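Residue-level structural notes
Residue strings, one per chain:
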Amino acid sequence: MVILKFIKNNRTINTVLAVIFILTIGVIDYNTGTEMAFSLFYIGPIVLLSLHNKVQIQEIFLCATIAAISWSYSEYSNVILSHVFFPIWNSFVRFAIYLTIGLLFFRFKEKERKIRLVNKKLNELNLEKNKFIGIAAHDLANPIASIYAFSDLLIENKLENTEEDINEGLQIIKDLSSNTLGVLKNLLNVSVIESGKIDLKIETHNYIDFIKKQIIYNQIIAKNKSINIHLETDSQLAILLFDDHYLSEVTSNLLSNAIKFSYSGGKIIVKVSQKEGFIVTEIIDQGKGIPQNEQEKLFYYFQKSSTQPTQGESSTGLGLAIAKQIVDLHKGSIGLKSTLNEGSNFYFKLPIKTV
C-alpha cells in the first residue's frame, strides 16, 4: 500500500511508467505491422499522465514526442515511402495531436483543482463566519443578559433598595452597557474593513501632537488603576500623512490593552522614534506579558491570550485584528515583543511620506 501511494505521488516515476507504456505499445505496433491499428492506444498513457496531480507540461511534451516517434517508426518500418518528407510531416502532425490532447486534459485538471481550492476556501470562510457570529452573539448576549437581570432586580426591589444599592446597580449597568457598545463598535469596524469599503481620509498631521492627545484620552482610564502613561521621543515635530480617526483606533486599542494587563501603580511608556524611513511607535508595559506561542495569533479575529487582565477587564479578541488591518491600510506594519511576567511591547511602523 505504501509503495502504491509513493508511486502515485511521485511525478518522475509516473513519467517513466508512461514512457514505458508508450514504448511497449510501440513494440506491439511494430511487430503487428500494418494489420492492426494501435494509434489510439498511444493516447492512453498521455491522458493518464496529464491527469496526474504533480505533472508538468514538459513531461506531457516528452511523452507526446516519444509517442509520435514510436508510432511513425513502427508504421513506416513496414511501408515503402515515395518521399522522406511524408514521415516527417506525419510525425509532426501526430505529435501535435498528442500534445494538444495532453494539454487539454492538463488544463481540465488544473481548472478542476482550482475549483476544489475555491470550494475549500469557501467552506473555510463559511465555518469562520459561523464561528464569528457565534462568538459575537455570545459576547453580546452575556452583558445584555446581565443588564436585564440588574435592571429587573432594581425594579422588583425598588422599595427595599437603598440609594447606595441603586447607585451600585446603575454603575454596573453602565459598565455592562459600555462593554456591549465596545463589542458592537468593533464588529462594525470589522464589517467595514472586511467589506473593503473603508475610506481613509489621509491628511497631514503633527504625529507627536496626535500621540500626546491619545495619551491624554487614555490617561483618564489609566488613573483608575493608578497607572502613569509616559511619552518618550527625541522630536517635538513629526509631520505625517495618515487618517487620524482610524489611527486613533490603533493607539486606543494598544493603550487599552496595556492598561488592562498592567498592575495598579505601574507605568506605560509610549516611545516614538524614526528608523529607516518609518516612524515607529512602541507601547511598552510592565504587566503580565504574553506566552511566546500565543503572540503571532493575537492579530487574528477573536484570538485571545491565556493571560488574563489584572483586574478582570473584558476583551473581545477583536481590537488587535482591527489595529492590524488599519495599519496595513496605511502601508505600515504591526507586531509585538513580549516576555511572560515581564511585560509587552506592542509596536507599529508608519512610512514617512513626502508631504
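The structure contained in this document is the topic of the report that follows. No experiment lies behind these values; they were computed from the predicted model shown.

**A closer look at a nonpolar patch on the surface**
Side chains of Phe-85, Phe-86, Trp-89, Phe-92, Val-93 and Ile-97 sit close together on the surface and give an oily, nonpolar patch of about 580 Å² of accessible area. For Val-93, the location among the structural elements is in helix α5 (residues 85-156). Residue Val-93 is classed as partly exposed on the basis of its relative accessible area of 30%.

**Brief notes about the nonpolar core**
One finds Tyr-207 and Phe-348 to be the most contacted residues of the largest nonpolar core, which totals 38 residues. It is helix α8 (residues 244-260) that contributes the most residues to this core, seven residues altogether. Once you skip the residues sitting within four places of it in the chain, Phe-348 turns out to touch Tyr-207, Leu-247, Val-250, Thr-251, Leu-254, Ile-279, Val-280, Thr-281, Val-327, Ser-333 and Ile-334. Grouped together as the second largest cluster of nonpolar side chains are 22 residues, Ile-60, Ile-66, Ala-68 and Tyr-98 included.

**A closer look at unusual backbone geometry**
Residues other than glycine predominantly adopt negative phi, and peptide bonds predominantly adopt the trans conformation. Located in the positive-phi region is Ser-226, a residue other than glycine, with phi close to 55 degrees. Its place among the elements puts Ser-226 in the loop between α7 (207-222) and β2 (228-233). Judged by its relative accessible area of 54%, Ser-226 falls in the exposed class. For Asn-341, which is not glycine, the phi dihedral falls at a positive 70 degrees. The topology assignment puts Asn-341 in the loop between β6 (333-339) and β7 (343-351). Asn-341 gets classed as exposed once you look at its relative accessible area, which sits at 62%.

**Remarks on the sheet that holds β2**
The sheet built from five strands is open, its strands ordered β2-β4-β5-β7-β6 with mixed pairing. Of all strands in the sheet, those bounded by a partner on one side alone are β2 and β6. Neighbour-to-neighbour, the strand axes of the sheet open up by a mean angle of 15 degrees, direction not taken into account. Judged from the seven bridges that link them, β6 and β7 form a sheet pairing that is antiparallel. Bridging across to β7, Ser-338 finds its partner in Ser-344. Running over the sheet, α7 touches β2, β4 (267-275), β5 (278-284) and β7 and is turned about 165 degrees from β2. Running over the sheet, α8 touches β2, β4, β5, β6 and β7 and is turned about 170 degrees from β7.

Rules used throughout
Residues numbered from 1 in each chain as written. Predicted model: local features only at pLDDT ≥ 70, side-chain atom pairs only at ≥ 80, totals over all residues. Heavy atoms only, no water. Patch = residues over 30% accessible without salt bridge, like charges linked within 9 Å, V, L, I, M, F, W, Y side chains within 5 Å. Areas by Shrake-Rupley, 256 points an atom, 1.4 Å probe, with all protein chains shown as cover. Salt bridge = Lys/Arg side-chain N within 4 Å of Asp/Glu carboxyl O. Helix = DSSP H or I, 4+ residues; strand = E, 2+ residues; numbered from the N terminus. Buried < 20%, exposed > 50% of the residue type's maximum accessible area, 1.4 Å probe, protein only. Core = buried A, V, L, I, M, F, W, Y, C linked by side-chain atoms within 4.5 Å. Contact = heavy atoms within 4.5 Å. Pairing = 2+ DSSP bridges. Axes fitted to C-alpha atoms, helices over the stretch in contact; angles between N-to-C directions.

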